[in-house]
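# Structural description and commentary
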Amino acid sequence: MLAKTLTCGACGWRTVCGPADIASRLRLVGMLRRDGDPDEAIMAALLPEAAARMTCPGCKRIGLVVGDADEADDDFGDGDDWQTAVLCDRCRRPIDPERLEVFPDTRRCVACQSKAEAGEPEPDEPEYCPRCGSLVELRVSRGGGLTRYRRFCTGSPSCRL
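Residues numbered from 1 in each chain as written. Predicted model: local features only at pLDDT ≥ 70, side-chain atom pairs only at ≥ 80, totals over all residues. Heavy atoms only, no water.

Tallied over the full model, the rule gives three salt bridges. Residues K4 and D68 are paired through a salt bridge, measuring 2.6 Å at the closest nitrogen-oxygen approach. Separated by 64 residues along the polypeptide, K4 in strand β1 (residues 4-7) and D68 in strand β3 (residues 65-68) bring together distant segments of the chain. Using a relative accessible area of 31% as the deciding quantity, one classes D68 as partly exposed. For R25, the salt bridge is made with D21, and the minimal N-O distance between the two is 3.3 Å. Here the residue R25 and the residue D21 both occupy positions in helix α1 (residues 19-28), the gap between them amounting to four residues, near one helical turn. (Salt bridge = Lys/Arg side-chain N within 4 Å of Asp/Glu carboxyl O. Helix = DSSP H or I, 4+ residues; strand = E, 2+ residues; numbered from the N terminus. Buried < 20%, exposed > 50% of the residue type's maximum accessible area, 1.4 Å probe, protein only.)

Dropping the structure here:
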């Protein structure tokens, strides 16, 4: 199974990515548009080039470094020195260890839990074009008095939904 680490050289942010996470990150930078179930060897070959264009969620700088997940485990010794972080289901940031001590089954950080309790809607997952894999956006379609919305592919102009 493919497992890689992405690390930011500026702030030290780090995450371990599995095949599904690597595929979604490659799609965000414009790769793997057409392939719904890409080969792991292809993803492993594309990831180093794509990581240079990825944005760090911690400091918002562009350019991440790819490493093997097995090597990352070796950097931490026998595993007693650090614990794996539990990520928030909504914003994907680590949940504070103090919060996990009080609420061990929690799946959201304090900020996201507050937003959910206040009734804010969940952020929508982006929609991708089934033909080319580019992002799909909703645009207003002008017409005879009624406001209509249509889905448009943001990829090449020749791609039509």
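Spatially, three strands are ordered β2-β1-β3 in an open sheet, and the strand pairing comes out antiparallel. A single partner strand is all that each edge strand has here, and the edge strands are β2 (14-17) and β3. Within this sheet the neighbouring strands show an average axis-to-axis angle of 30°, counted without direction. Two strands pair when backbone bridges link them, and β1 and β3 are joined in this way by four bridges, in the antiparallel orientation. Bridge pairing in β3 links K4 to D68. α1 rests against β1 and β2 of the sheet, and its axis sits at about 110° to β2. (Pairing = 2+ DSSP bridges. Axes fitted to C-alpha atoms, helices over the stretch in contact; angles between N-to-C directions. Contact = heavy atoms within 4.5 Å.)

This part is about the nonpolar core. Grouped together as the largest cluster of nonpolar side chains are 17 residues, with contacts concentrated most on L6, I22, L26, M43, M54 and L64. Those elements giving two or more residues to this core turn out to be α1 and α2 (40-51). Setting aside residues up to four positions removed in sequence, L64 forms contacts with L6, T7, C8, W13, A51, A52, M54, T55 and C56. (Core = buried A, V, L, I, M, F, W, Y, C linked by side-chain atoms within 4.5 Å.)

To continue, consider unusual backbone geometry. Notably, K60 is not glycine yet its phi reads approximately 65°, a positive angle. Secondary-structure assignment places K60 in the loop between α2 and β3.

Let's shift gears to α1. For α1, the complete set of buried residues consists of I22, A23, R25 and L26. For α1, the angular spread of the buried residues around the axis is 165°, confining them to a single face. Exposed side chains of α1 directed beyond 90 degrees from the buried face belong to A20 and L28. Check the buried side of α1 and you find it contacts β1, β2 and α2. At the exit of α1 stands G30, carrying a positive phi of roughly 95°. (Arc of directions from axis to C-beta.)

Time to look at the pairing of β2. Residues T15 and C17 point to one face of β2 and are all buried, whereas R14 and V16, pointing to the other face, are not buried. Across four bridges, the pairing between β1 and β2 is antiparallel. Following the sheet pairing, T7 is matched in β2 by R14. Counting the residues in the hairpin turn of β1 and β2 gives six residues, including G12, whose phi is positive at 85°.

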